[in-house]
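Letter by letter, the chains look like this.
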Amino acid sequence: MSPVRTMRRLGVVSAAAIAATIAFAGPASAHAEVTASNAQALAKDVVLTFTGEAESESGGFTEVRVVLPEGIAPGDVTLDGAPKGWKMKSTKDGYTLSGPKLAVGTNAVHKVKVRQLPDAKSLAFKTIETYSDGKVSRWIELPGDGPEPEEPAPVLELKAAAAGAKPAKSPSPSPSQDAADKTSDKASEKNDKASGESDKTEKKADKEENSNAGAATAIGISIGVLIVAGAGLWVFKQRRSAE
């Protein structure tokens, strides 16, 4: 076989092998990612950007669900950017974003702002993506000591916390709310006091009523005794007159 023919055959085989590799690796290469405006432990007001790479050839994204890692509560997360028409809804362990389906092949990109990142070395955000054709991608596998996960969850590596950084305390109540609470407490105390005075007045009235009732009973008994005694005296007198 001539060298030229051999090179041609090798070229054809190599091209076929490359094409097969690309065709095989195409869908598997799609994944979900997360980046941060400040990937540092205990950093505040950090914007996280999530990117879901499109892997369906017949449907567009309609929903993305994210499970937040320990140390980030759903209430600490606010929407900072999403596809047009998509709305955010908090869940007990994270949030969902959904809306009109995206065009086939269009990545789903959204941003959220986190009040403060926890003091950790890395954060894993389990993500579930739903397409309009019913396809569901579950990027929920966590890295471990074994082989690399086939459907890895997006992981954000964090730098060590800055010197002096501390976890944020729970927001203190606003002055208006604090004043309202104090007003409510005073009103409650006033009502309790009024209720106590009312109880005392009722008890006093009951005591007086019972006392009056006792006096009336005694007077009635005395009158009855006098009537009986008078009747007896009249009968005695009548007998003596008859004799």
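The coordinates are above.
Residues numbered from 1 in each chain as written. Predicted model: local features only at pLDDT ≥ 70, side-chain atom pairs only at ≥ 80, totals over all residues. Heavy atoms only, no water.

A few words on the sheet that holds strand E4 (residues 77–81). Two pairing modes exist for strands in a sheet, parallel and antiparallel, and in both the strands are linked by backbone hydrogen bonds. The sheet built from four strands is open, its strands ordered E1-E2-E7-E4 with antiparallel pairing. Across the chains shown, the open sheet's two edge strands, defined by having one partner strand only, are strand E1 (32–36) and E4. Here the average twist between neighbouring strands, direction ignored, is 30°. (Pairing = 2+ DSSP bridges. Helix = DSSP H or I, 4+ residues; strand = E, 2+ residues; numbered from the N terminus. Axes fitted to C-alpha atoms, helices over the stretch in contact; angles between N-to-C directions.)

Attention shifts here to the sheet that holds strand E10 (residues 136–139). One open sheet accounts for five strands, arranged E5-E6-E3-E9-E10; its pairing is antiparallel. At either end of the open sheet lies a strand with only one pairing partner, and these are strand E5 (87–90) and E10. For this sheet, the mean inter-axis angle between neighbouring strands, taken without regard to orientation, is 15°. Both strand E3 (residues 61–67) and strand E9 (residues 126–131) contribute to a ladder of six bridges, which runs antiparallel. Residue Arg65 lies in a different strand from E9, and its bridge partner there is Ile128.

Before going further, it helps to spend a moment on the nonpolar core. Counting 24 residues, the largest nonpolar core has Leu48, Phe50, Ile72, Tyr95 and Phe125 as its most contacted members. Elements with a minimum of two residues in this core: strand E2 (44–52), E3, strand E6 (94–98) and strand E7 (108–116). Contacts of Phe50, omitting those with residues within four sequence positions, involve Glu33, Val34, Val66, Tyr95, Ala108, Val109, His110, Val112 and Phe125. (Core = buried A, V, L, I, M, F, W, Y, C linked by side-chain atoms within 4.5 Å. Buried < 20%, exposed > 50% of the residue type's maximum accessible area, 1.4 Å probe, protein only. Contact = heavy atoms within 4.5 Å.)

Among the secondary structure elements, Ser137 is positioned in strand E10. Look at Ser137 and you get buried, because its relative accessible area is 2%. Side chain to side chain, Ser137 and Glu55 meet in a polar contact 2.3 Å long. Beyond its immediate chain neighbours, meaning those up to four positions away, Ser137 contacts Glu55, Thr127, Ile128, Glu129 and Tyr131. (Polar contact = N/O pair within 3.5 Å; in protein donor to acceptor, adjacent residues only side chain to side chain.)

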